[in-house]
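# Architecture at a glance
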Amino acid sequence: MTEEQPWHEARLIPTSGINGAEEQERRATSALLAVMVAVREFGRALTKPLGAPAGTVEAFIEVPFMHGERRLYPDGLVRVRRGQKSWTALIEVKTGRNELAREQIENYLDIARQQGFDAVVTISNEIPPMVGQHPTKVDKRRLRKVELHHLSWTKVLAEAVMQKEFRGVADPDQAWILGELVRYLEHPRSGALEFDDMGESWVAVRDAVRAGTLRANDKGVESVVARFDALLRFASLELGRTLGAEVAPVVSRKEQADPGARTQWLVASLVGDGVLSGAIRIPDTVGNLTVTADLRARTITCHVDVDAPREGRPATRVRWLVRQLKSAPDGVRVEAFAAHARGSGAAELLRDVRDDPGRLVVDPKKDLRSFRVAMTAPMGAKRGRGQGGFIDSVLDLVDAFYAEVMQYLKAWSATPPKVRPVPDDDAEARAGEPLVSTSLSSQDGVEHD
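Residues numbered from 1 in each chain as written. Predicted model: local features only at pLDDT ≥ 70, side-chain atom pairs only at ≥ 80, totals over all residues. Heavy atoms only, no water.

### Side note on the pattern of salt bridges
Pairing of side chains with opposite charge becomes possible as their charged atoms draw close. As a reminder, the rule being used: Salt bridges are identified by distance alone: a Lys or Arg side-chain nitrogen within 4 Å of an Asp or Glu carboxyl oxygen.
Tallied over the full model, the rule gives 30 salt bridges. Across the pair Arg 215 and Asp 218 runs a salt bridge whose closest N-O atoms are separated by 3.5 Å. When salt bridges that share partners are traced, they join Arg 102, Glu 106, Asp 110, Arg 113, Asp 139, Arg 141 and Arg 142 into one network.

### Regarding the packing of helix 7 (residues 221-243) against helix 9 (residues 259-273)
Inclusion rule: Every angle, taken between N-to-C directions, lies between 0 and 180 degrees, and every axis is a line fitted to C-alpha atoms, over only the stretch in contact when it is a helix. Helix and strand labels come from DSSP, where a helix needs a run of H or I of at least four residues and a strand needs a run of E of at least two; each type is numbered from the N terminus. Any angle between 65 and 115 degrees counts as roughly perpendicular, while under 35 counts as roughly parallel, over 145 as roughly antiparallel, and the rest as oblique. In this analysis, two residues are considered to be in contact whenever any of their non-hydrogen atoms come within 4.5 Å of each other. The nonpolar class holds Ala, Val, Leu, Ile, Met, Phe, Trp, Tyr, Cys and Pro. Asp, Glu, Lys and Arg form the charged class, and all remaining residues, Gly among them, are polar.
With their axes 9 Å apart at the nearest point, helix 7 and helix 9 run at an angle of 110° to one another. Relative to helix 9, the element helix 7 is oriented roughly perpendicular. Seen from helix 7, the contacting residues are Val 221, Glu 222, Val 225, Asp 229 and Leu 232; seen from helix 9, they are Arg 262, Thr 263, Leu 266, Val 267 and Leu 270. Among the residues forming the contact of helix 7 with helix 9, the class breakdown is 6 nonpolar, 1 polar and 3 charged.

### As for the sheet that holds strand 1 (residues 56-61)
Put simply, the rule reads: For two strands to be treated as a pair, DSSP must find no fewer than two bridges joining them.
As summarised here, the arrangement of the 5 strands in space is 1-4-5-6-7, forming an open sheet in which the pairing is mixed. Where the open sheet ends on each side, the last strands, each with one partner, are strand 1 and strand 7 (147-152). Between one strand axis and the next, the sheet turns by 25° as a mean value, whatever way the strands run. The pairing of strand 5 (residues 85-93) with strand 6 (residues 119-124) spans 5 bridges and is parallel. Across the sheet, Glu 92 pairs through a bridge with Thr 122, a residue of strand 6. Across the sheet, helix 4 (residues 153-167) is in contact with strand 5, strand 6 and strand 7; its angle to strand 7 comes to roughly 70°.

### Here we look at the nonpolar core
Short version of the rule: Think of a nonpolar core as a cluster: buried Ala, Val, Leu, Ile, Met, Phe, Trp, Tyr and Cys residues, connected wherever their side-chain atoms sit within 4.5 Å. Any residue under 20% of the maximum accessible area for its type is buried, any over 50% is exposed, and the rest in between are partly exposed; the area is computed with a 1.4 Å probe on protein chains only.
Membership of the largest hydrophobic core comes to 68 residues, with the highest contact counts inside it found for Leu 270, Leu 276, Leu 289, Val 291, Leu 325, Phe 390 and Val 405. Broken down by element, the residue count for this core peaks at 10 residues, all from helix 7. Among all residues touching Val 291, those that are not within four sequence positions of it are Phe 228, Leu 232, Leu 276, Ser 277, Gly 278, Ile 280, Ile 300, Thr 301, Cys 302, Val 394 and Val 398.

### A closer look at unusual backbone geometry
Not every positive phi belongs to a glycine, and Glu 62 is a case in point at roughly 50°. Within the element layout of this structure, Glu 62 appears in the loop between strand 1 and strand 2 (65-67). The phi dihedral of Arg 298 falls on the positive side, at around 60°, and the residue is not glycine. Turning to its location among the elements, Arg 298 is positioned in the loop between strand 10 (289-294) and strand 11 (299-307).

### Quick look at the side chain of His 134
Going by this rule: Between N or O atoms, a polar contact is any pair within 3.5 Å; within protein, one atom must be a potential hydrogen donor and the other a potential acceptor, and residues adjacent in sequence are included only when both atoms are from side chains.
Residue position: His 134 is located in the loop between strand 6 and strand 7. By relative accessible area, which is 19% here, His 134 ends up buried. In terms of polar contacts, His 134 uses its side chain to reach the side chain of Thr 122, at 2.8 Å. A polar contact of 3.0 Å, which involves the side chain of His 134, links it to the backbone nitrogen of Thr 136.

### Quick look at the environment of Thr 376
Structurally, Thr 376 is set in strand 14 (residues 368-378). Along the primary structure Thr 376 and Ile 18 are separated by 358 residues, whereas in three dimensions their C-alpha atoms are 42 Å apart. Those residues in contact with Thr 376, other than ones at most four positions away along the chain, are Thr 299, Ile 300, Thr 301 and Arg 333.

### Let's talk about the side chain of Glu 335
Mapped onto the secondary structure, Glu 335 falls in strand 12 (residues 333-338). Residue contacts for Glu 335: discarding those within four places in its chain leaves Ser 344, Gly 345, Ala 346, Ala 347, Ser 370, Phe 371 and Arg 372.

### Focus: the pairing of strand 5
This is how it is decided: If the strands point away from the viewer and the path from the first strand over the helix to the second runs clockwise, then the crossover is right-handed.
Among the 9 residues of strand 5, 7 are classified as buried, and the element is accordingly described as predominantly covered. When strand 4 (residues 76-82) meets strand 5, the two strands line up antiparallel, connected through 7 bridges. Looking across to strand 5, one finds that Arg 81 is bridged to Ser 86. Hairpin geometry of strand 4 and strand 5 is characterised by an intervening segment of 2 residues between the two adjacent antiparallel strands and by a positive phi of about 60° at Gly 83. Regarding topology, helix 3 (residues 102-115) serves as the crossover connection from strand 5 to the parallel strand 6, and that connection is right-handed.

### Digging into helix 12 (residues 390-404)
Worth spelling out the cut-off: The length a helix should cover is 1.5 Å for every residue beyond the first.
End to end, helix 12 covers 21 Å across 15 residues, agreeing with the expected 21 Å (1.5 Å per residue, within 8%). If you follow the buried residues of helix 12, they end up packed against helix 6 (202-211), helix 7, strand 10, strand 11 and strand 14.

### Here we look at the sheet that holds strand 12
Strand-to-strand pairing in sheets goes through backbone hydrogen bonds, with the strands running parallel or antiparallel. If you walk across this open sheet you meet the 7 strands as 8-9-10-11-14-12-13, and the pairing is antiparallel. Each end of this open sheet is capped by a strand with a single partner; those strands are strand 8 (248-249) and strand 13 (346-349). Looking at chain direction, strand 10 and strand 11 are connected through 5 bridges and run antiparallel. Directly across from Thr 292, in strand 11, lies its bridge partner Thr 301.

Written as structure tokens, this is what we have:
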């Protein structure tokens, strides 16, 4: 009997036989919609944020509709029913590097309005800079009666992993089916690609920043800052998929209401200081994880701000922080900020602070207000993924900073007040001491100047 060669396990959703973008999109659409129907929890996780009620999910592919004199075939249709309520959405899917087309989306919005449907949902590898934004600009008049939503394949994959591994699926068979979808989407041939390009303007903008010649109205500047925000969203989804938590970029109310304000601020920061920055919120952590890309210094920095304890001497407060960083690399930078002090605080490497916490105490008479813990790494210059790529340098540092530093940090909490002991009157009498007072007073132990 000959030695067995490695056998390939049968898969529910095979990647073999995918020839061309059309077949890739058809298979991805069918697989996703079928699993949404089969796995109730997963279907609910994807449709609830879009406004669908909690109910039975039905899904169809390539449903024909007449639009004027043409017959159009949206990639899919999803309907959720609960009692007399129903929610229906047309689905448009792109895989690989294919981008959504404005005309196609507007045609589907018209069809949805004519049919009385609720929404059009697009799925592609495009990641908009901000949650709630759509990567394709459409005529807003078409959105009066129909909503337009977008899901990136990264978001879909993250939801699938979180539902199976962390939130849970009640039925074991359904959990296996959801796992098969995860395996399929993670395969390179599925077309559900990761974020892998900073855009065609990246090199020109990067070089102009280093030369000090970048202007706010230069071609491609807004595209680069939008791709940076999209990278932060992708990093959040990737980290959230690992942690099983809802990780998301930090967006102010003003930026949420006016995305252009965020773009203008980033453009001004890039032109003036050569810096791109943004923050990520991770549930139950001591603070936001801030990512800063300095294109002039060619460095990436991740940092988190930690409130200092509100009691104890300054050196004691530094030791409190150092104890939490016992597993962190020596090259981590720690900065201390004193109360009512202007400018930057004292900054030292962690290895030096471990030996002498007093290095962070500039004035022993001033209380320390907060600390900043930061990790810096060289910035990749290439626009794509791989060694020397900007994207990987950001993603690698985010993962390393959280794993080696941030997950061990906890906020300070005050020690609860202790009950003072009641004096033993009998013991005092036996000792022959004068009995000045036999009752505990609120003034006992109080010292007067």
